[in-house]
Amino acid sequence: MVTPTAKRSSALVRYGGFFLSVGTARVLGLVITSVTFPILLRRLGVETYGLWSYVVALCAFLDVVANPGLTTHVTQQVAARRHAAADLVPDFLALRGLSSLVAIAALLVIAGFEVRPDVRWLLRWYGVAALCVGLTGSDFLLTSLEMFHVRSLLTLIQQALYAAGVLILVRAPRDIFWLPASILGSALAINLAGWFVLWGNGFRPPLVISPSRWRGILMPSLHYAATTMMATIYHRTGNIVTRWFLGDHALGLYAAAVRFVDLLRNFVGIALSVLMPRMALSGKNSAGLKRLARAAVSAVAGVGIPLTFGTLATAHLVVPWVLGASYTGAVAPVRWIAPILLAAPIASLLSGTVLYALGWYRSYLTSATIGAVAAVLFSLILVRPFGVTGVCIAFALGEVAVGATAYLLIPPDLRDLWKNPFIAVAGFSALLMVVAVRLVNSYTSRVLLVVATGAAVYSIAAIGLGRKYLMQQFGDAK
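The rules behind the values
Residues numbered from 1 in each chain as written. Predicted model: local features only at pLDDT ≥ 70, side-chain atom pairs only at ≥ 80, totals over all residues. Heavy atoms only, no water. Salt bridge = Lys/Arg side-chain N within 4 Å of Asp/Glu carboxyl O. Helix = DSSP H or I, 4+ residues; strand = E, 2+ residues; numbered from the N terminus. Expected span 1.5 Å × (residues − 1). Buried < 20%, exposed > 50% of the residue type's maximum accessible area, 1.4 Å probe, protein only. 1 Å grid on protein atoms, 1.4 Å probe; cavity = no way out; pocket = protein on both sides within 12 Å on 5 of 7 lines; lining within 4 Å. Points joined across faces, edges and corners; volume = space filled by probe spheres on them. Nonpolar A, V, L, I, M, F, W, Y, C, P; charged D, E, K, R; others polar. Axes fitted to C-alpha atoms, helices over the stretch in contact; angles between N-to-C directions. Parallel < 35°, antiparallel > 145°, perpendicular 65-115°, else oblique. Contact = heavy atoms within 4.5 Å. Core = buried A, V, L, I, M, F, W, Y, C linked by side-chain atoms within 4.5 Å. Patch = residues over 30% accessible without salt bridge, like charges linked within 9 Å, V, L, I, M, F, W, Y side chains within 5 Å. Areas by Shrake-Rupley, 256 points an atom, 1.4 Å probe, with all protein chains shown as cover. Phe/Tyr/Trp six-rings, centres within 6.5 Å; stacked < 30°, edge-to-face > 60°. Lys NZ or Arg CZ within 6 Å of the ring centre and 35° of its normal.

## Focus on the pattern of salt bridges
So, point 1. Enumeration according to the criterion identifies 11 salt bridges in this entry.
So, point 2. Where salt bridges share partners, they join Glu47, Glu114, Arg116, Asp118, Arg243 and Asp248 into one cluster.

## Details of helix 7 (residues 148-169)
So, point 1. Taking 1.5 Å as the rise per residue, helix 7 with 22 residues should run 32 Å; its terminal C-alpha atoms sit 31 Å apart, in good agreement.
So, point 2. Buried within helix 7 are the following residues: Phe148, Ser152, Leu154, Ala163, Gly165 and Val166.

## Brief notes about the layout of surface pockets
So, point 1. There is about 670 Å³ of room inside the second largest pocket.
So, point 2. Forming the walls of the second largest pocket are 29 residues, and the residues nearest its centre are Leu264, Leu307, Thr311, Val318 and Val451.
So, point 3. Listing elements by their share of the lining of the second largest pocket, those giving two or more residues are helix 1 (4-44), helix 10 (248-273), helix 12 (286-323), helix 17 (421-441) and helix 18 (447-476).
So, point 4. Looking at the lining of the second largest pocket, the element that brings in the most residues is helix 12, giving 13 residues.
So, point 5. In the lining of the second largest pocket, the residues fall into 23 nonpolar, six polar and no charged.

## Observations regarding the environment of Ser326
So, point 1. The residue Ser326 is located in the loop between helix 12 and helix 13 (331-337) in this model.
So, point 2. A relative accessible area of 47% places Ser326 in the partly exposed class.
So, point 3. Taking C-alpha positions, Ser326 is 8.0 Å from Arg42, a pair spaced 284 residues apart along the chain.

## Looking at the packing of helix 4 (residues 88-112) against helix 5 (residues 117-134)
So, point 1. Between helix 4 and helix 5, the least distance of the axes is 10 Å, while the angle of their chain directions is 175 degrees. Viewed along their axes, helix 4 and helix 5 adopt a mutual orientation that is roughly antiparallel. Contacts between helix 4 and helix 5 involve Arg96, Ser100, Ala103, Ile104, Leu107, Leu108, Ala111 and Gly112 from the former and Arg120, Leu123, Arg124, Gly127, Val128, Leu131, Cys132 and Gly134 from the latter.
So, point 2. Each residue belonging to the contact of helix 4 with helix 5 can be placed in one class, and the counts come to nine nonpolar, four polar and three charged.

## Remarks on the nonpolar core
So, point 1. The biggest cluster of nonpolar side chains holds 88 residues, and the ones touching the most others in it are Tyr254, Phe260 and Ile337.
So, point 2. Element by element, the count of residues in this core is highest for helix 10, at 12 residues.
So, point 3. With sequence-adjacent residues up to four places away left out, Tyr254 is seen in contact with Gly238, Asn239, Thr242, Ile337, Val388, Val391, Cys392 and Phe395.
So, point 4. Ala86, Leu88, Val89 and Leu141 belong to the second-largest nonpolar core, a separate cluster that totals 19 residues.

## Concerning a nonpolar patch on the surface
So, point 1. Residues Leu167, Ile168, Leu169 and Trp178 make up a contiguous nonpolar surface patch of roughly 360 Å² in combined accessible area.
So, point 2. Of the residues forming the nonpolar patch, the biggest block, three residues, is contributed by helix 7.
So, point 3. In this fold, Trp178 is placed in helix 8 (residues 178-200).
So, point 4. Take Trp178: its relative accessible area is 43%, and that puts it in the partly exposed class.

## Some words on the packing of aromatic side chains
So, point 1. Applying the stated criterion across every chain yields a total of five aromatic pairs.
So, point 2. Taking 6.3 Å as the distance between ring centres and 65 degrees as the angle between the ring planes, the aromatic pair formed by Phe37 and Tyr49 counts as edge-to-face. Of this pair, Phe37 sits in helix 1 while Tyr49 sits in helix 2 (residues 46-66); the two residues are 12 residues apart in sequence, bridging distant segments of the chain.
So, point 3. Between Trp121 and Trp125 the ring centres are 5.5 Å apart and the planes differ by 15 degrees, which places this aromatic pair in the stacked class. In this pair, Trp121 and Trp125 both sit in helix 5, four residues apart, roughly one turn of the helix.
So, point 4. Among the residues examined, Trp121 registers a relative accessible area of 40% and is labelled partly exposed.
So, point 5. It is Arg243 that lies over the ring of Tyr54; its NZ or CZ is 4.4 Å from the centre.

Spatial relationships are all this shows, so hold off on functional conclusions.
Structure follows, in structure tokens:
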């Protein structure tokens, strides 16, 4: 007879394996992206990369139209009902197909107004193909059925295929058309592989479409779609405003700076993602949620604060070294965007995790809406007098607005999260790191030596001063 303790131990081992699998995949994926990104920037050049980022930004808006929260809703249903929810998949695909047709029509209209033939071609070819390939996606079902190991492996294979395509086929700006081919080809192959895996594991949706169920699927889905659209607005508005007001070269610098900082932000995300699933499960337990939230704040502070200070102190060395000499103009934008290394994880923690875990979906939507409004208004106000710097500030303020609004909307007993002693430890250690970086940089400009010195100083100081607080917080979070 299996005892309850044995069951709990087995579950812990199982989910520990899931966390290890997903975490390893994210780290390796980040390594692949970190290698591919600077090579891609150098080969495309500033202007061509800017145009590509503009196409991607427009397609992101249309992707929300093509998938108005349907995937999120079906993911939840399949996770709750498992194979019994397979009958929703045909209706989901039918709704996705109809909404994709609307998105494709809107895309073709937008492309018709584009003045540059190359951008118009990318919008029509990549945009339409991306919307069609999106219909074949299977990763949400793998996640719902807790097939995390398979999903992690397929994700890594896709990223490796994409990286191989970029490294082999994209050699110069004229090869830009091979970039979407690499993205879509790898995605389609992995999507189909995912369906084969699902079929082999007995997940076989019936080929029956029931329009009578569509209303029940659409109503909750549209709420998620509204939140996703708001997030897309405050993340992507800067690309569009920069091109409209400042031109393609300025857009290339802005897009490179945003992507560079976003890669650094992923390191904070990895530290935070380990705690997020357990926070979602603790939504009905205020004491447990508060303990986990406090540990998450320490994780954000421990990684986000040194990354922010380090980016500000070393951007003049790291940006040209990583992106190439032609992107020297992105040094200032990177510094202005650096605050999102703290603001974005905090916004994700308070809004996307705490409010969502509590089931406060309207508050979640409200915080995203405030962020979208702030990003759009500040972009339009600041772009003329301050140029790219103004758009960077607007982008950072959008993330700050999301976090600040979510902070005002979370339960009062969680608003003392900032009273965390490890925040002061991380801040003080980061200041010591900056002093060390400045001192070493006064003698040498070797990037690796400067960065390694700063990382070593921060690690020694933070561990030495904050070990006790971390052990207490993460011990309580278990």
